[in-house]
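Topology and contacts: notes
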Amino acid sequence: MIAHAETTPPARHPLVSFILRWVLTTNHKEIGTLYLCLSFTLFLIAGAMAMIFRAELAQPGLQFITADFYNQMLTLHGLIMVFGAVMPAFVGLANWMIPMMIGAPDMALPRLNNFSFWILPFAFFLLLSSLFMEGGAPNFGWTLYAPLSTTYGPPSTDFLIFGIHLMGISSILGAINIIVTIFNLRAPGMTLMKMPLFVWTWLVTAFLLIMAMPVLAGVVTMMLTDRHFGTSFFEASGGGDPLIFQHVFWFFGHPEVYIMILPGFGIASQIIPTFARKPLFGYASMVYATVAIAGLSFVVWGHHMFATGMPLAAELFFMYATMLIAVPTGVKVFNWVATMWRGSMTFETPMLFAIGFVVMFTIGGFSGLMLAITPADFQYHDTFFVVAHLHYVLYPGAIFATMGAVYYWLPKWTGNMYDERLGKIHFWSAVIGLNLTFFPMHFVGLAGMPRRIVDYALPYAGLNLFTTLGAWMLGLTQLLFLYIVIKTIRGGEKATDQVWESAEGLEWTVPSPAPHHTFDTPPRVE
Amino acid sequence: MDAEQTEWDREKVQAAVCSDAGLMTSQIVILKTLVARGMSSLAGNRRKGWLIAPVWWIFPNGASAQGWDMRAGVTEMSQQVQMLHHVSLWICTGVGIVVFGAMFYTIFAHRRSKHPEPATFHENTKIEVLWTLIPTLILVGMAVPATLTLRDIEDNSDADLTVLITGSQWKWHYQYTEADIGFYSNMTTPLEQINNIEPKGENYLMEVDNPLVIPTNLKVRFLMSSDDVIHSWWVPDFAVKQDAIPGFINEAWTRVDVPGIYRGQCTELCGMNHAFMPIVVEVLPEDEFLAWIEDQRIANELAGDAAVAARSREWTMAELMPMGEDVFLTHCATCHQPDGAGQGIKYPALAAALDPARVISTGPIEAHLDRVMNGLSETEMQAWAPQLSDVELAAVITYERNAWGNNTGDIVQPLTVYEAR
C-alpha cells in the first residue's frame, strides 16, 4: 500500500508560511517588530503629507493644491502622526523591551497582543481610504472640532470615527497587556522601585491610555450619533453645546500629549546613564515626577480652550495647573543634566538623540510655559507659535526618543552594530532640518500668522520658505534612517551581548541577537 | 560674494517674493539664490553680505513693521500682554542659559577623553529640593502679573458701545446694537491674485469691503457668535481673540487710543476658505465716528429708496449680467469657481454643460431663487437673502442662468426677488 499516515503537515508555499508566521505570531519580539514597521510606514506617509502642504506654503498664493485638499492633508498628517506613528512606535518598543527588561518570558497576554496589533492596519486602511472617497478625506483638523466635523463634515468622517474606535481598542488592549505584564511577570527581586525607568514610564503611560482612550471613543461616538441618529450633543439648535466637544476631546487630548512623551522620558533615562557611564541621578524623583506629570495631565485640558470664553475662575485654575507641570518636568531635565555631570561621556548615535531630545524638548517646554500664561495665550493661540511649540515637544520628545531607542537597542535585536558614521549623519541632518522647520514658526506665529491657513499675507513669506526647505530636509533625511536600519538587519559588525560597555539592565544579559524566547527561567535580580 | 552680488540677490529675491507673475520662476530663483549662498558659505567664503542676507530673505518687503516679535499693539491690554510675553520669554531664556550652559559645559568637560573616570553619585536630596522649590517660586512670580492682567481683560463691564460680531463661512457680520446699523465684511482680494495670475497687492488677503469702524478712547464691547461653525475673531493689535461659537455669545472688549487701520484674521479652522476671512478695523476719532454712524443711517435710507425704485421697473439682460458677474465673483466664485465648474460633490457645478443632471441654474427659476435666497441648511451654502439687495440677487441669478453657455435667456427681475422674500 502506498497510503500511510502523514506525520508532518504538508509543506506550505514559503510565502504563505511567511505571511502566516507574522499574522499568527504571539511572540513579543515579532509583534514589537510589526508595530515598529507599521509605525515607520505611517510616519513616512504622514511626513509626505506634511511635505505636500509645506510645498504649498512655500510661497503666498495657491500653487499646487486646493484649500480643501490642504485641510485634508493637515488633518490626516496630525491624526496619523499621533495615532499611527508615535503611539505604535512606543508600543512596539514596549513589546520588544519590557519583557526583556523585567525578566519575563513574553507579554502576559500574547494572543491579545497579536489582536491589538492586527486591528491597527485595518484602522489606518479605513482612515486612508477616505482620501479616495467622494467629498474627500476628513478636512477639519485632527482635533475634530464640532460642528465642522459633525454637521459640516464630509461623508468620509464616519470612516474616521470607526478608524478611531479601532485605534482606541488597540491602544486599550495594548495598555492592559503592558500593565498585567509589569505587575505579574517581573523577575524575583525586581521590585517596582528597581524597574528600569523605561518600564516605569510605560506603566504610567498605560494607565493614562486606559483612562484617556475611552473618553476619545466616547466623544467620537457622540459625533457619530449627532451625524446620523438625531442627537444634538454639539448642536446648539438642538440644545447642545459645541464646546462640550472640546471639553471632552481635550480631557482625552491632554493626557494623550503625555502618552506621547512619557515613554520618551523613559528612553532618555535609559540611554543617558549608559553613555555617561554613571547611574541615573535621582531615580526616585524621576518616578515621582512621572507620576506627578501624569496626574496633572488630567486637570489642565482647559488651557487648549482659553479663547473659547471661559469664566475667569476657570482660566486662572487652568493657568496655575498648567504652570505647575513645569516643576516635575524641570526636575526631569535637571536630573538628566546631573546624570551627565562628571560622568565620562561618549557620544554614540543613541546618546546624540537623547541629548537632542533633552535640549529641544526643553525649548518646547519653555514655549509651553509661555503658552500657559493665559493673557499671552490670547495672542499665541491658534497661531504658528503653537505649531512650533507642539512640534518642538513632539518631534524630539517622541520621534527623536524613538529613533534613539532604535539605535540603542538595534544591536540587541539584530545582533549587528549599525553604521555609526551614517547614524551621526542622520542625527545631525535631522537636528538641522528640525530647527530649520520649526524655529521660524515661532516668529511667524508671533508676527500674527494663524495656523491651518492655506495661504498667507506677504510679510510671512520669507520665513515660510525657510520652514518648507527645512521640512523637506527633515522628511528626506528619514529615508537615511530606513537605509541604516535595513543595512544593520542585513549585516554589519557583530554586537556583543553587552553591546554598550556600561549599559545596565537584564536586556544586556541575553545574547545578541536576542533569542526568540528569552528568560525561560526567571533571572534573579539583586 | 561681494556687496554688489548681495545687492543683486536681494533685489532678485525681493522681486520674486513680492512680485507675482510666475511664482514657479520666483521659487526657482530663490532656490538658486539659497543654493548659491550655501555653496559659497561652504567654500569658506564668509563675508558680511552673507551674514546680513538672511534678514532680507525673511522680510523681503522691509516688512519689519510686523517684526519678529509679538507686537505691542495699540491698547493698554495689548501692551500689558506684550510685557507678560517678554517677561516669560526672558525668564525662559535665563533658565535656558543656566540649564544648557551646565549641559554644554559637562558635554565639553566630562567627555571620556577629558574625564575618563566617571563619578558615582546618583542623588543629593538638598539639591533636588532646591531645584523643585526655585522653579516653583519663579512660577509664582510669573503668575501674579498674569493674574492681574487677566482680571482686567475679563472685565467686560461699563462698555460705551456694543458691536455684535457674527462669523459665517467665510465673512464677518457686524451689527451696532445701539445704532441699528449692520453690514457684512467680505475679503476683497481677487481670485486672480490668489491664483498668481495678477500681482499681489500690499494688503494681500488682509483687505475687506466694509471694515468694522470703532471710535478711539471709548470702551467697545464685542459680542461674538456664529451662524455655522466655530470661528475666532482676532485683531493682534488689540490683543483680542475670542471664539465665535454657534448658539452662544462670547464677550470681549477693547479701548483703542490711536486712530488707524488694524488687521487680523479668523483663527479657528472653519472650513475650506478659513484663510480668506480677514478682519479690518478702522479706528476713528470720536467725532468722525459719530459722523460715520450718521452717514450709515442716511445710506441705509437711500438704499431703501433705491430698492423701491429698482423693483418698480423692468431690468434688461445687459444691465443685470455685468452686475451679476461682479456679485458672483465676490460671493460665489471661491466655492463654485469663476467658470461655474464647482468643486466635487460639496460645491456643485453651475455650468450646465459640466453636470447636466444636477445643475440648478438651468432648472426651474423658483428652485434656483429659493436655493440662492434661503441656502441649504447644514452646508456651506448660506442664505443670501439677508446679505444681498434685490437687484444684486436678481443680477446674480440672471448671471448664473445665462453665463458659461447656460443661455436660458431667463431674466430675473428685482421685483420677483422682492416678492420671494
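Residues numbered from 1 in each chain as written. Chains lettered and ligands numbered in written order. Predicted model: local features only at pLDDT ≥ 70, side-chain atom pairs only at ≥ 80, totals over all residues. Heavy atoms only, no water.

**Thoughts on the overall build of chain B**
A count of helical and extended segments in chain B gives eleven helices and ten strands. Taken over 421 residues, chain B has a buried fraction of 48%. For chain B, contacts bridging at least 24 residues in sequence account for 61% of all contacts bridging at least 6. Approximately 19600 Å² of chain B is accessible, and the part contributed by carbon and sulfur atoms is 59%. (Helix = DSSP H or I, 4+ residues; strand = E, 2+ residues; numbered from the N terminus. Buried < 20%, exposed > 50% of the residue type's maximum accessible area, 1.4 Å probe, protein only. Contact = heavy atoms within 4.5 Å. Areas by Shrake-Rupley, 256 points an atom, 1.4 Å probe, with all protein chains shown as cover.)

**Digging into the packing of helix H6 (residues 197–228) of chain A against helix H9 (residues 283–296) of chain A**
Axis angle and axis distance: for two packed helices, these are the angle between their axes and the distance between the axes, and together they describe the pair. Residues and elements named next belong to chain A. Where H6 meets H9, the closest approach of the two axes is 10 Å, and the angle between their N-to-C directions is 15 degrees. By the angle between their directions, the pair H6 and H9 is classed as roughly parallel. Crossing handedness for the pair H6 and H9: right-handed. For the pair H6 and H9, contact is made by Leu197, Trp200, Thr201, Val204 and Leu208 and by Tyr283, Met286, Val287, Thr290, Val291 and Ala294, respectively. (Axes fitted to C-alpha atoms, helices over the stretch in contact; angles between N-to-C directions. Parallel < 35°, antiparallel > 145°, perpendicular 65-115°, else oblique. Left-handed = near helix turned anticlockwise from the far one by under 90°.)

**Focus on the nonpolar core**
Grouped together as the largest cluster of nonpolar side chains are 298 residues, with contacts concentrated most on Phe83, Trp202, Trp336 and Phe400 of chain A together with Tyr176, Trp233 and Phe238 of chain B. Broken down by element, this core gets its largest block of residues, 23 residues, from helix H3 (residues 67–102) of chain A. Sequence-distant contacts of Trp202 of chain A, defined by excluding residues within four places in its chain, comprise Phe90, Val91, Ala94, Ile98, Ile178, Leu209 and Pro263 of chain A. By size, the runner-up hydrophobic cluster in this structure holds five residues, among which are Trp315, Leu320, Val391 and Ala395 of chain B. (Core = buried A, V, L, I, M, F, W, Y, C linked by side-chain atoms within 4.5 Å.)

**Quick word on the sheet that holds strand E8 (residues 250–254) of chain B**
All names here are of chain B. Overall, mixed pairing links the five strands, which are arranged E3-E2-E1-E5-E8 in an open sheet. In this open sheet, the two edge strands, each paired with only one partner strand, are strand E3 (181–185) and E8. Across the sheet, the mean angle from the axis of one strand to that of its neighbour is 25 degrees, orientation sign disregarded. Direction of pairing for strand E1 (residues 161–168) relative to strand E5 (residues 220–226): parallel, over a ladder of seven bridges. Bridge pairing in E5 links Leu161 to Val220. (Pairing = 2+ DSSP bridges.)

**Some thoughts on the interface of chain B and chain A**
Chain B puts 108 residues into the contact, and the matching count from chain A is 104 residues. Between chain B and chain A lies a buried interface of about 9000 Å² when both sides are counted; carbon and sulfur atoms form 70% of it. Summed over the shared surface of chain B and chain A, the number is one salt bridge. The residue Arg112 of chain B makes a salt bridge to Glu501 of chain A at a minimum N-O spacing of 3.0 Å. Applying the counting rule to chain B against chain A returns 27 residue pairs in polar contact (both at pLDDT 80 or more). Of all the secondary structure elements, the ones that give two or more residues to the side of chain B that touches chain A are helix H1 (3–18), helix H2 (23–42), helix H3 (48–58), helix H4 (76–109), helix H5 (125–153), strand E7 (240–244) and strand E9 (260–266) of chain B. Looking at the side of chain B that touches chain A, its residues break down into 58 nonpolar, 32 polar and 18 charged. (Buried area = accessible area lost by both parts, 1.4 Å probe. Salt bridge = Lys/Arg side-chain N within 4 Å of Asp/Glu carboxyl O. Polar contact = N/O pair within 3.5 Å; in protein donor to acceptor, adjacent residues only side chain to side chain. Nonpolar A, V, L, I, M, F, W, Y, C, P; charged D, E, K, R; others polar.)

**Points about the pattern of salt bridges**
Counted according to the given criterion, the structure contains 14 salt bridges over all chains. Look at the salt bridges and you will find they share partners, linking Arg277 and Glu501 of chain A together with Arg112 of chain B into a network.

**Some remarks on the state of the cysteines**
Residue and element names in this part refer to chain B. Inspection of every chain in the model, using the stated rule, returns zero disulfides over all chains. We note that Cys270 lacks a disulfide partner, and the nearest cysteine sulfur, in Cys266, lies 3.9 Å from it. Cysteine Cys332 is unpaired, with the sulfur of Cys335 as its nearest cysteine sulfur at 8.8 Å. (Disulfide = S-S within 2.5 Å.)

**Section: the packing of helix H12 (residues 349–372) of chain A against helix H15 (residues 420–447) of chain A**
Residues and elements named next belong to chain A. For the pair H12 and H15, the least separation of the axes is 10 Å and the interaxial angle reads 10 degrees. In terms of orientation, H12 and H15 fall into the roughly parallel class. Facing Thr349, Leu352, Phe353, Gly356, Met360 and Ser367 of H12, the residues of H15 in contact are Glu420, Gly423, Lys424, His426, Phe427, Trp428, Val431, Leu434, Asn435 and His442. For the contact of H12 with H15, the class distribution of residues is seven nonpolar, seven polar and two charged.

**Notes on the sheet that holds strand E6 (residues 231–235) of chain B**
Residues and elements named next belong to chain B. Spatially, E4-E10-E9-E6-E7 is the arrangement adopted by the five strands of the open sheet, whose pairing is mixed. Strands with a single pairing partner mark the edges of an open sheet, and in this sheet they are strand E4 (212–215) and E7. Taken over all neighbouring pairs, the strand axes of this sheet differ in orientation by 25 degrees on average, direction set aside. Here E4 pairs with strand E10 (residues 278–284) via four bridges, running parallel. Across the sheet, residue Pro215 finds its bridge partner in E10, namely Leu284. Its contacts with the sheet place helix H7 (residues 286–311) against E4 and E10, and it is angled at close to 135 degrees to E4.

**Examining the environment of Thr162 of chain B**
Residue and element names in this part refer to chain B. In this fold, Thr162 is placed in strand E1. Here Thr162 falls in the buried class, since its relative accessible area comes to 6%. Residues Thr162 and Ile214, spaced 52 residues apart in sequence, show a C-alpha to C-alpha distance of 9.8 Å.

**Let's talk about a nonpolar patch on the surface**
Residue and element names in this part refer to chain A. A contiguous nonpolar surface patch, about 680 Å² in accessible area, is contributed by Ile176, Phe183, Leu192, Met193, Phe207, Ile210, Met211 and Tyr288. Put simply, the parts of the chain that give the nonpolar patch at least two residues each are helix H5 (157–184) and H6. When residues of the nonpolar patch are assigned to their parent elements, the largest contribution, three residues, is made by H6. Here Phe183 is to be found in helix H5. Phe183 sits in the partly exposed class, given a relative accessible area of 41%. (Patch = residues over 30% accessible without salt bridge, like charges linked within 9 Å, V, L, I, M, F, W, Y side chains within 5 Å.)

**Some words on a negative patch on the surface**
Residues and elements named next belong to chain B. Together, Asp155, Asp158, Asp160, Glu286, Asp287 and Glu288 make up a negatively charged patch on the protein surface. When you line up the elements, Asp158 lands in the loop between H5 and E1. You can call Asp158 exposed: its relative accessible area is 67%. (Lys, Arg positive; Asp, Glu negative; His and termini not counted. Charge placed at Lys NZ, Arg CZ, Asp CG, Glu CD.)

**Examining the domain arrangement of chain B**
Residue and element names in this part refer to chain B. We note that the domain assignment places domain 1 (3–65), domain 2 (76–153), domain 3 (161–295) and domain 4 (313–420) within chain B. Domain 3 and domain 4 are separated by 27 Å when their C-alpha centres are compared. Each partner contributes to the interface: domain 3 provides nine residues, whereas domain 4 provides twelve residues. With both sides pooled, the region where domain 3 packs onto domain 4 buries about 930 Å², and carbon together with sulfur makes up 57% of that total. Three residues, Tyr184, Leu191 and Met272, lead the burial of domain 3 against domain 4; their summed loss comes to 46% of the area buried on that side. Taken together, the links from domain 3 to domain 4 amount to zero salt bridges. At the surface where domain 3 touches domain 4, the tally comes to four residue pairs in polar contact (both at pLDDT 80 or more). Within the side of domain 3 that touches domain 4, the residues separate by chemical class into four nonpolar, four polar and one charged. (Domains from an automatic or database assignment.)

**Section: the side chain of Glu30 of chain A**
Secondary-structure assignment places Glu30 of chain A in helix H2 (residues 28–57). The residues contacting Glu30 of chain A, other than those within four sequence positions of it, are Arg21, Trp22, Thr25 and His516 of chain A.

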